[in-house]
Amino acid sequence: MENIQVEKLQGEELRELSTLVNDYYRLMQPLMEEQQFALLRSTLSDGLRRSPRAHSTRNIPLANLTLRTACAFAEMVDPDHNILIAIPLYPLYRQGLLTMEQITADWGEDIAGLLEGLANVSKFSNRNSAHNQENFRGLMLALAHDIRVIIIMIVENLILMRMINHHPDEEWVRNVAFEANCLYAQLAHRLGLYKIKGELEDLSLKYTNREIYTQIAKKLNETKRSRDQYIKEFIDPVEKRLKEAGLKFTIKGRTKSISSIWNKMKKQKVDLPGIYDLFAIRVIIDTPRNKEKQDCWLAYSILADMYTANPARMKDWITLPKSNGYESLHATVMGPGQKWVEVQFRTERMDLVAEKGLAAHWRYKGGKGDSSDKWMNNIRDILETADAGPMQLMKNIKADAFGQEVFAFTPKGDLFRMAAGATALDFAFHIHTNVGAHCTGAIVNGAHRKLNYKIQNGDTVEIITAANQSPRHEWLNIVTTSKARNKIKQSLNEERQRLADIGKETFNRRAKNRKVEIDEAELMRMIKKQGYKSAIEFFADMGENKIDAGKLLNTYIDSTTRELESEHVSAEEFQLIQPKDNDPKSDVLVIGEKSINGLSYKFARCCNPIYGDDVFGFISSDGSVKIHKTDCPNARHIQERYPYRLIRANWSGKTGEMLPASLRVIGNDDIGIVANITSIISKEPNTMLRNISIDSHDGMFQGYLVIGVSDNRQLTALIKKIKTVKGVKDVIRM
């Protein structure tokens, strides 16, 4: 493979590719049978040779990026056989060099599923998702279907960040860095991939504020010798005492990440010398699973005897691990020279989980565990907020990832973990949606508290409910967790929909009693004129009696029949207007009992008749003939009130100009459904889409289309085709 892409890659890039290929094969050979390994080599060799592109549009060598990602995944996360095969196969699949059938046959359904997941993500991951709401939501939803795809994307983003230092397109680099910090670093934190998270944040700071990054890095380098000496002075006596206690362990000292130091400097408003906890000591204990807690606490007690501990900074993630599987006992003590030092106690198993996150946690549990299920549910709860923009979604993810946590008990003794700042109402929704929806207050430690009471560590919380209670809009200002906020919004939307159904039913009943047929398109125009963005909001106000249904119906009748309310005269007094001889419409219709030809006529906007419809003529006050469909919503009203102004009209047998027809389309609010509908219309001969308006709510959409067609047979055929689009429920001609 060393000769592959010689013409496409040159110099350092080609030498790096050769090294990466060898590294990847050394990594994969022990994980595969000989025959399967040979198939992998031949597949990749053939794919690289046939690949039409060596670089991305930003001049990133694609093969180098892919192989770097695979090797980094094995090193930093897990040498998972299927994932390490899927990563290099994906570019070949995306370029059409491998089919899904080939992949399934050669590598199995699991690897094929991973490639499909990566393909779904690639539809939205355009390195601009952080600034585009739909792309961001699409990306997140695609990611949330398979947690392994999330990890692959995180590692690939890390490799990309490593490769773009000093890239000439500085604006693009800043966008990539912004997305890495706001999205992938936060996802890495949730998955417990702290090492990756720290490096992503450091690189993001480097690319967005290189001056600050360089200053901190330089100062850390200048003080490295004195810092290493201090760590040694601190560790030596601790190491001696732990050995005397019979513990098997290793001790590591590490400097905190540059981005973490910069955040502390901003938060504490001090320079680098003012940060007291620039580094942390980690004690990793070699002990059986059944003695983990005992030995960690023993090591802590030895440290607390030697140095004064700060109880306010004590964090026990051993008794109750984090949701991403992280377990560790953190203590901060006053070391030599009156300096605060953070010490972390964990076992070798805990350290592996801390370094490689949920991936390692599953391995110990023998598959997906509770931690991954909780994490995925949390992500999906955040994604339920349909009207949240990308910044709000990222804020929710970041807040949940970095927020401190509080622990509270139910009266039965069940312990719940929540984000710091959570209220009694948050706690109620955390227990169950129905409990939250009917919550009226809480009894905390025996005392009655309001909904906005902030939960404290160790509280015992009993939720008070009432059957007649329901969520209110002001509750959104009380809750702090994304789960509670989403459930409240969902309930409020459901209530608005219920009121809208009541309002619409009331209006339709009034119209039926007065024998008025409602033209939906005309009604929507009237609703828009009154300042409402959607019909649901309008009819919900009607359901709450904020709008009088009777008055609205009168307004509707006035607007649709205003042109009919002209001077009361007989049909004989009307002067029929003759058009110019060259009027192209003069031979499309035959009007009158004696087949009078050449009269001036117009097509009524209320029903938009087209060639082939059953029609009749109505003589308007200006002498022209208005052509209506016989089943027009206003036909009965016209025929009953103005029978003397009616005139027969028939099509002459010659098709005329393209005429507008209005359609109402109802369906699921799926990605791409509107594009599929418009594509069908654009491909239809002698058809033109003149106007389209879409109104979506709660996963459904209602679209109004005005289409130019030549006759009703063509329109009928078009309606049948639109109904075949996946997700379309119904198509109705207005």
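Here the residue numbering is sequential within each chain, running from 1 through the sequence in written order. In keeping with the predicted nature of the model, local features appear solely for residues at pLDDT of at least 70, side-chain atom pairs appear and are counted solely at 80 or more, and the whole-chain, interface and lining totals rest on all residues. Side-chain descriptors were evaluated using all non-hydrogen atoms of the structure, hydrogens and water having been removed beforehand.

## Let's talk about the overall build of the protein
- By the criteria applied, helices consist of DSSP H or I runs no shorter than four residues and strands consist of E runs no shorter than two, each listed in order from the N terminus. Each helix and strand counted, the protein has 26 helices and 20 strands in total.
- For the protein, the share of sequence-separated contacts (at least 6 apart) that also reach a separation of at least 24 residues comes to 67%.
- Entry remark: accessible area of the protein is about 37000 Å², with carbon and sulfur atoms responsible for 48%. Contact criterion: two residues are considered in contact whenever any of their non-hydrogen atoms come within 4.5 Å of each other. Exposure was quantified through the Shrake-Rupley algorithm and a 1.4 Å probe, taking into account, for residues, occlusion by the shown protein chains and nothing else.

## Observations concerning the packing of helix α2 (residues 34-50) against helix α4 (residues 81-94)
- Note on geometry: axes are lines fitted to C-alpha atoms, helical ones only across the stretch in contact, with angles between N-to-C directions running from 0 to 180 degrees. Orientation of α2 relative to α4, taken along the N-to-C sense of each, is 25 degrees, at an axis distance of 9 Å. Classed by the angle they form, the pair α2 and α4 counts as roughly parallel. Crossing angle aside, the handedness with which α2 passes α4 is left-handed. Seen from α2, the contacting residues are Q36, L40, T43, L44, G47 and L48; seen from α4, they are H81, I85, P88, L89 and L92. Just so you know how the angles are binned, under 35 degrees is roughly parallel, over 145 roughly antiparallel, 65 to 115 roughly perpendicular, and the rest oblique. Working rule for handedness: look at the near helix, and if it is turned counterclockwise from the far one by less than a right angle, call the crossing left-handed; if clockwise, right-handed.

## Here we look at the pattern of salt bridges
- The salt bridge criterion pairs a side-chain nitrogen of Lys or Arg with a carboxyl oxygen of Asp or Glu, the two atoms within 4 Å. Scanning the model with the defined rule gives 21 salt bridges in all.
- Here D46 ties to R50 by a salt bridge, and the two come within 3.0 Å at their closest N and O atoms. In this pair, D46 and R50 both sit in helix α2, four residues apart, roughly one turn of the helix.
- Note on D46: relative accessible area 33%, which makes it partly exposed.
- Of the charged contacts in the structure, one is a salt bridge between R282 and D351, with a shortest N-O distance of 3.9 Å. Remark: D351 occurs in helix α15 (residues 348-365) and R282 occurs in strand β2 (residues 279-285); sequence separation between them is 69 residues.
- Among the charged side chains, a salt-bridge network with shared partners connects R289, E292, E327 and R349. Partly exposed residues are those whose accessible area sits between 20% and 50% of the maximum for their type, while under 20% is buried and over 50% is exposed, using a 1.4 Å probe and protein chains only.

## Let's talk about the side chain of E292
- Among the structural elements, E292 can be located in helix α14 (residues 292-306).
- Looking at E292, the relative accessible area reads 6%, which means it is buried.
- Not counting residues up to four positions away in its chain, the partners in contact with E292 are T287, T347, R349 and M350.

## Considering helix α8 (residues 147-163)
- By this rule the span expected of a helix is its residue count minus one, scaled by 1.5 Å. Here α8 spans 25 Å end to end across 17 residues, near enough to the 24 Å set by a 1.5 Å rise per residue.
- Of all 17 residues in α8, 15 are buried; the element is thus mostly enclosed.

## Quick look at the sheet that holds strand β11 (residues 461-465)
- Strand pairing is assigned whenever DSSP identifies at least 2 bridges connecting the two strands. Overall, antiparallel pairing links the three strands, which are arranged β10-β9-β11 in an open sheet. Each having just a single partner strand, β10 (447-449) and β11 make up the two edges of the open sheet. When the angles between neighbouring strand axes are averaged without regard to direction, this sheet yields 30 degrees.
- In the packing of helix α18 (residues 424-431) onto the sheet, the strands contacted are β9 (439-444) and β11, and the crossing angle to β11 comes to about 85 degrees.

## Quick word on the pairing of strand β6 (residues 339-347)
- β6 sits mainly inside the fold: seven of its nine residues count as buried.
- Where β2 and β6 come together, six bridges link them in parallel fashion. Residue pairing across strands places V283 opposite F345, the latter belonging to β6.
- Here strand β5 (residues 329-335) pairs with β6 via seven bridges, running antiparallel. Note on β6: the bridge partner recorded for A331 is V343.
- The hairpin formed by β5 and β6 contains three residues between the paired strands, and G337 there has a positive phi angle of roughly 75 degrees.

Nothing here speaks to function; it is geometry throughout.
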